[in-house]
2 protein chains.
Amino acid sequence: MVPRHPRLDPLADRYAARTHGMKTSEIRALFSVVSRPEVVSLAGGMPAVTALPLDAVGSMIGELVSGMGAQTLQYGSGQGDPRLRERICDVMALEGITDASPSEVVVTVGSQQGLDLVTRVFCDPGDVILAEGPSYVGALGVFQAAEARVRHVPMDDDGLIPEALEQALLECRANGDRVKFLYTVPNFHNPAGVTLSEPRRQAIVDIADRYDLLVIEDNPYGLLGFDHEPMRALRARDDQRVIYLGSFSKTFSPGLRVGWVLAPLAVREKLVLATEAQVLCPPSLTQYAVARYLDTQPWREQIKLFTELYRERRDATLESLDALMPPGTTWTRPDGGFYVWLKLPHGLDSKLMQPRAVGAHVAYVPGIGFYADGSGREYMRLSYCYPEPDQIREGVRRLARVIEAELDLHSTFDAVDTGTFRAVGRSDGSAARTVVGPANSDRIED
Amino acid sequence: MVPRHPRLDPLADRYAARTHGMKTSEIRALFSVVSRPEVVSLAGGMPAVTALPLDAVGSMIGELVSGMGAQTLQYGSGQGDPRLRERICDVMALEGITDASPSEVVVTVGSQQGLDLVTRVFCDPGDVILAEGPSYVGALGVFQAAEARVRHVPMDDDGLIPEALEQALLECRANGDRVKFLYTVPNFHNPAGVTLSEPRRQAIVDIADRYDLLVIEDNPYGLLGFDHEPMRALRARDDQRVIYLGSFSKTFSPGLRVGWVLAPLAVREKLVLATEAQVLCPPSLTQYAVARYLDTQPWREQIKLFTELYRERRDATLESLDALMPPGTTWTRPDGGFYVWLKLPHGLDSKLMQPRAVGAHVAYVPGIGFYADGSGREYMRLSYCYPEPDQIREGVRRLARVIEAELDLHSTFDAVDTGTFRAVGRSDGSAARTVVGPANSDRIED
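What counts, and where the lines are drawn
Residues numbered from 1 in each chain as written. Chains lettered and ligands numbered in written order. Predicted model: local features only at pLDDT ≥ 70, side-chain atom pairs only at ≥ 80, totals over all residues. Heavy atoms only, no water. UniProt positions renumbered as here; feature names shortened; annotations may be inferred. Pairing = 2+ DSSP bridges. Helix = DSSP H or I, 4+ residues; strand = E, 2+ residues; numbered from the N terminus. Contact = heavy atoms within 4.5 Å. Buried area = accessible area lost by both parts, 1.4 Å probe. Salt bridge = Lys/Arg side-chain N within 4 Å of Asp/Glu carboxyl O. Polar contact = N/O pair within 3.5 Å; in protein donor to acceptor, adjacent residues only side chain to side chain. Domains from an automatic or database assignment. Core = buried A, V, L, I, M, F, W, Y, C linked by side-chain atoms within 4.5 Å. Buried < 20%, exposed > 50% of the residue type's maximum accessible area, 1.4 Å probe, protein only. Phe/Tyr/Trp six-rings, centres within 6.5 Å; stacked < 30°, edge-to-face > 60°. Lys NZ or Arg CZ within 6 Å of the ring centre and 35° of its normal. Axes fitted to C-alpha atoms, helices over the stretch in contact; angles between N-to-C directions. Disulfide = S-S within 2.5 Å. Least-squares fit on C-alpha atoms with pLDDT ≥ 70 in both. 1 Å grid on protein atoms, 1.4 Å probe; cavity = no way out; pocket = protein on both sides within 12 Å on 5 of 7 lines; lining within 4 Å. Points joined across faces, edges and corners; volume = space filled by probe spheres on them. Nonpolar A, V, L, I, M, F, W, Y, C, P; charged D, E, K, R; others polar. Parallel < 35°, antiparallel > 145°, perpendicular 65-115°, else oblique. Left-handed = near helix turned anticlockwise from the far one by under 90°.

The name given to chain A in an unreviewed UniProt entry is DNA-binding transcriptional MocR family regulator, with Geodermatophilus normandii as the source organism. Taken directly from UniProt, the Sequence similarities (unreviewed entry) text for chain A runs: "Belongs to the class-I pyridoxal-phosphate-dependent aminotransferase family." According to the UniProt record, the Cofactor (unreviewed entry) comment for chain A reads "pyridoxal 5'-phosphate".

This is the structure we're talking about:
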C-alpha cells in the first residue's frame, strides 16, 4: 500500500527522469498576480487581439462551421490543411522565403508545438542546444523536458554574436558535446528586444555551413517591425540547414494556436510522425479559420494596424524609461515586437525585488526565467504589447520608484556591509561574466 | 559538407533515438486510399459530424468570437478554461465519477495529447507499459515515441482478462521490468469492439491495488452504448490509482481537438507543466466552443441521436457479416462505439490481402497495426461509424468476395505446398499463441 498522506505524492518514485526537472516558468508563476486589475502588468506577452475586426472574424468563423461543418468539425491530416499550408508559403514570402513548398510545411498547435516536435525529433538526453542568452522561456521549457543541455551564446544590440557562436562550437567540439542545433529568435528577440543585423545573418549562415550546424529559426514577430520592411529570414539564405518556425499568434490570434514548421522533406516526414503521435492532427476549425482569414480579410492592413498600436506602446515605454529610470539602469531599444530588456543598476536583483514591485502594483518577468543556468538576476523583461500607453507610463513610474527604493535599501545595506545581500544578488557580476546579456558591455568586437 | 543527393537524408545521423523507430501507422498509411470515392472505407474512425445541428453550432461559435473575442482569441491557462473543466466534471458524472474536482482536470488537444503527456510524465526509455492485445494504434505510437516497451495482455469478449493481467505483472516482476502503468480502453474497445464486464472492472481495480499498479483509463466511447446505460468507470472505483482520459471527439466534434485528463493533484501538476512545455495552452476558441455547446445545446439528446445512427450502422455491419462471410471467419459483436474486430479464416493474412481488397474497392485496417510486437496478421478492424448502412453492406459484400478469393488462392497454394505463403502469413497461428485476440478461443476461464 502507498501512503495516502495528502502532502506526499505516492507516485513520487514513479515519474520519468525528465519530470523531476520540470518547474513553473517565471511567466506562468505570475499568472494570478498579473490578472489583478490594480496591477499594471508589463509581464505577459498577450497580443492586442481586441484590435481585430471581431464581428467580421466571428461571422467568418460561424459560416465556416455552418457551411463546412463536415470538414471544419472533422479530423484532418496530421500535416495540416493543404490550403492553409499554401497560404503559409505566401506569408513566408514576405520575409524572402520564396522557394518553400506546402509539402515542406507542417501545421502545429502554435509554434510552441513546432519547437517541441523539432526537439523531440533531434534531441536525446544530454545533447547540447545552443541558444541566445537570454532566450525565450518557452523554448527553455521544451529543452528541459527533452533533458537537453542548453549552452547560451551572448548577444548584443545587433543580436547573436557570430564570433561567440563560433567559439561556443569550438568549445563544444573540444568537450565532445553533441550539438544538435542553434535555437535563435532573429527578429525583435523575446526577451531581449534586439534584432540580428543583416551582416550577421550571413555570418551565422556561413558558420552553420562551416560547422555543419542545424539552425532553428523561431520567428513569431518578424512582420511586426516599426521602422522598416521585414528582414530576410535565415531560411531564405539556406534551405537545408535552417528549420523555420512561424506563428499566427502575433499577426492574427494566439487563441487559435496555429503555428507551423518549414523543414526539408526528410525532416518534415519525421515531424509529421511525431505530431501524429502527439495530437493526431491539429484542430481543423482553427486551421480553416486562419486560411479563410488570409483568403478573405485584409490581413496585411491588420498587421500594419497592430504595428502602429505596438509602436505607440513602445514609444510610451521608452519615453517613460528615459524620463524616469534612475542612473545605472539600461535597456534595449526595440524597433519591433513586444519587449524591452532592462538591466538594473549594479547590485540589484530583479527576482528579489519582485514582491516589492507587485506590492507597488507593477509586474515584470525576472531575467532568470530566460536563462537555463540561473544567471540573469540583474535583468528583467518589460512587455508593452498589452497595456494602453497611459497604463504603461504609470507602470514604468511605479517600477522606477521601486528601483529607487531598492537602491536606497541597497546603499544602506552596503554601508553596514552584511555581505549577504550581495551574494544572493550576484552584485559582483559573476553571472554577467559567463553569459553576456544584450545590454552588457562585455561585447565581443566584430 | 553534407551530401545533397535528394534521396539521402543528410541529417540521418542527427536524429534522436526515438525518431528511428517512428513509422506511419496502418491507419494513416491508408489515408490517400480511403478518400477515393469509389472505395468503401471501413478503415477510418471518423465520427458522423454532419449529424450535428451545424447552423446552431455555427451561430454559437460565431457569437463567441464576435462577443468574446478578447477571451476566445487570446492565450488561456495551460490547464484549460475553468468553466470547461467544470462542465467536464458534469460529463464524467454520467459514468459514476462524482467526486472529480475541476482542479484535477487538464484540458488537452484531444485525448491523444493527454495520453502523450501522461506517458512523458511517467515513462523513461525501456519502461514497460501493459496494454490490451490488440490496442489503440494511436497509443502504440505514443508509447513508441517514448521508447517504452509494450507488453500486450490478452482480451476476450468480456474485455481484458484479469488473470492474464496478474500473470503479466508477475512475469514483469520476475524479469525486473519497471511497469509504469496499464493502458486500457474499457468501453467499446478500439479496435476490438468489446467492453470490460462489470465483475472484471472490480477485479482489475483490485489487482491494481494489490500490485500498486497505475491504470490509464482511456474512454472516448463510453457514452456511445447501444443497449444500456453507461458503465461505471474504473476511475469511479479508485481515485488514486486511475488516471482517466476523456474526449469530446466522439460526443461532439473531433475537429475541435478537445480532450482531457483527470488525475490526482500531484500528477495533475506535472501534466500542466508538461503541456505548457508542449503547446503553452490548448486553443481558447475550441474550449469556449465546447463549454458553450454544453451550456446551451441539447448535448445529451445529440449523443442519443449519434448512438441511434451508429447502432443502425452496427446492425448493417453484423447482419452483412452474418449473411456473407465464408466459414472460418469470426468477429466481435460490439454493443457500442465504432468497431468490429474480425478474424480471418485459418492461414489468411490481412496485410497481404490489403492490396487485393483496395483493388476490390473496400478498405479496412490490418490487425498488425494494433500490436506492438508484429502479431495480429489474421485480424482486421472494420469501422462502421462513417459510411451509410447501404455503403456498409456493399463494403462487406466486397470484403467477403476478397476473402473467398483468398481462400481459393490459399487452397491452391496449399495443394502445391510452397511453404512461403504460410511463413509470411503466420498461418501456423504462432502470433495468436503469444498474444490472444478477443475472437480467439485461447480464452482463460474466469
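(A) Focus on the sheet that holds strand S2 (residues 105–109) of chain A. Strand order in the open sheet formed by eight strands is S2-S9-S8-S7-S6-S3-S4-S5 (chain A), with mixed pairing between adjacent strands. Edge positions in the sheet fall to S2 and strand S5 (159–160) of chain A, since each has one partner strand and no second.

(B) A look at the interface of chain A and chain B. Opposite the 86 residues of chain A that make contact, chain B presents 86 residues. Between chain A and chain B, roughly 7400 Å² of surface is buried when both sides are summed, and carbon and sulfur atoms account for 59% of that area. For aspartate 116 of chain B, the salt bridge identified is with arginine 120 of chain A, shortest N-O distance 3.0 Å. Between the two partners, chain A and chain B, sit 38 residue pairs in polar contact (both at pLDDT 80 or more).

(C) Highlighting the domain arrangement of chain A. All names here are of chain A. Taken domain by domain, chain A comprises domain 1 (18–47 + 302–434) and domain 2 (54–296). The C-alpha-based centres of domain 1 and domain 2 are spaced at 27 Å. Listed by partner, the interface residues are 29 residues for domain 1 and 32 residues for domain 2. Both faces considered, domain 1 and domain 2 share a buried interface measuring about 2600 Å² in area, 64% of it formed by carbon and sulfur atoms. Taken as a group, Arg18, Asp335 and Phe370 account for 22% of the area that domain 1 buries against domain 2, more than any other trio of residues on that side. Taken together, domain 1 and domain 2 are joined by one salt bridge. Two residues, aspartate 227 and arginine 311, come together in a salt bridge whose shortest N-O distance is 3.6 Å. Here domain 1 is connected to domain 2 by 12 residue pairs in polar contact (both at pLDDT 80 or more).

(D) Fine view of the nonpolar core. With 143 residues, the main nonpolar core has Met92, Phe248 and Tyr310 of chain A together with Met92, Phe248 and Tyr310 of chain B as its most contacted residues. The contact partners of phenylalanine 248 of chain B, leaving out residues within four places of it in the chain, are Leu84, Ile88, Val91, Ser253, Val258, Trp260, Val290 and Leu294 of chain B. If you look at the next biggest cluster of nonpolar residues, it comprises 48 residues, including Tyr136, Val142, Ile216 and Tyr371 of chain B.

(E) Structural detail: the packing of aromatic side chains. Counted by the stated rule, this structure contains 28 aromatic pairs over all chains. Considering the side-chain rings of tyrosine 221 of chain A and tyrosine 339 of chain A, the 5.8 Å spacing of their centres and the 90 degrees angle between planes classify their relative orientation as edge-to-face. Of this pair, tyrosine 221 of chain A sits in the loop between strand S7 (215–218) and strand S8 (242–247) while tyrosine 339 of chain A sits in strand S11 (residues 339–343), placing them 118 residues apart in sequence. There is no split in this pair, since tyrosine 221 of chain A and tyrosine 339 of chain A are both buried. Over the ring of tyrosine 15 of chain A we find lysine 270 of chain B; its NZ or CZ atom is 5.2 Å from the centre of that ring.

(F) Geometry of the sheet that holds strand S13 (residues 365–366) of chain B. All names here are of chain B. What the four strands build is an open sheet, ordered S10-S11-S14-S13; its pairing is antiparallel. Every interior strand has two partners, whereas the edge strands, strand S10 (330–331) and S13, have only one. Where S13 and strand S14 (residues 379–383) come together, two bridges link them in antiparallel fashion. Bridging across to S14, proline 366 finds its partner in methionine 380. The strands touched by helix H11 (residues 299–324) within the sheet are S10, strand S11 (339–343) and S14, with S11 carrying the most contacts at an inclination of about 20 degrees.

(G) Up close: the state of the cysteines. By the definition in use, this model includes zero disulfides over all chains. No disulfide involves cysteine 89 of chain B; its sulfur sits 20 Å from that of cysteine 281 of chain B, the nearest cysteine. The thiol of cysteine 281 of chain B is unpaired, and the distance to the nearest cysteine sulfur, on cysteine 385 of chain A, comes to 14 Å. Accessibility expressed as a relative area gives 0% for cysteine 281 of chain B, which makes it buried.

(H) Inspection of the relation of the copies chain A and chain B at higher detail. Between chain A and chain B, which share one sequence, the superposing operator has a rotation angle of 180 degrees and an axial displacement of 0.0 Å; the RMSD is 0.0 Å. The superposition operator between the copies reduces to a two-fold rotation axis. It is glycine 62 of chain A whose C-alpha, among those of chain A, lies nearest the rotation axis, at 2.0 Å. Taken as a fraction of all interface residues of chain A, those also at the interface in chain B reach 100%, which identifies the copy contact as same-surface.

(I) Structural context of empty space enclosed by the protein. All names here are of chain A. This structure, assessed with the given rule, holds 10 cavities of 30 Å³ or more. By volume, the largest cavity amounts to about 150 Å³. Forming the boundary of the largest cavity are 19 residues, of which Val91, Leu223, Ser247, Thr251 and Trp260 lie nearest the centre. Counting only elements with at least two residues in the lining of the largest cavity, the list comes to helix H4 (82–93), S8, helix H10 (284–296) and helix H11 (299–324). Partitioned by chemical class, the residues of the lining of the largest cavity number 13 nonpolar, five polar and one charged.

(J) Looking closely at the packing of helix H5 (residues 110–122) of chain B against helix H6 (residues 137–145) of chain B. Residues and elements named next belong to chain B. With their axes 10 Å apart at the nearest point, H5 and H6 run at an angle of 30 degrees to one another. On the basis of the axis angle, H5 is roughly parallel to H6. For the pair H5 and H6, the sense of crossing is right-handed. Here Gln112, Leu115, Asp116 and Thr119 of H5 come into contact with H6, specifically with Gly138, Ala139, Val142 and Phe143.

(K) Looking closely at the pattern of salt bridges. Counted according to the given criterion, the structure contains 54 salt bridges over all chains. A salt bridge links aspartate 315 of chain B to arginine 314 of chain B; the nearest nitrogen and oxygen atoms lie 2.9 Å apart. Arginine 377 of chain B is paired through a salt bridge with aspartate 349 of chain B; the nearest N and O atoms lie 2.7 Å apart. In this pair, arginine 377 of chain B is assigned in the loop between S13 and S14 and aspartate 349 of chain B in the loop between S11 and helix H12 (350–359), connecting sequence segments 28 residues apart. When its relative accessible area of 18% is taken as the criterion, arginine 377 of chain B is described as buried. Several salt bridges converge on common partners, so that one network encompasses Asp13 and Arg14 of chain A together with Asp209, Asp212 and Arg241 of chain B.

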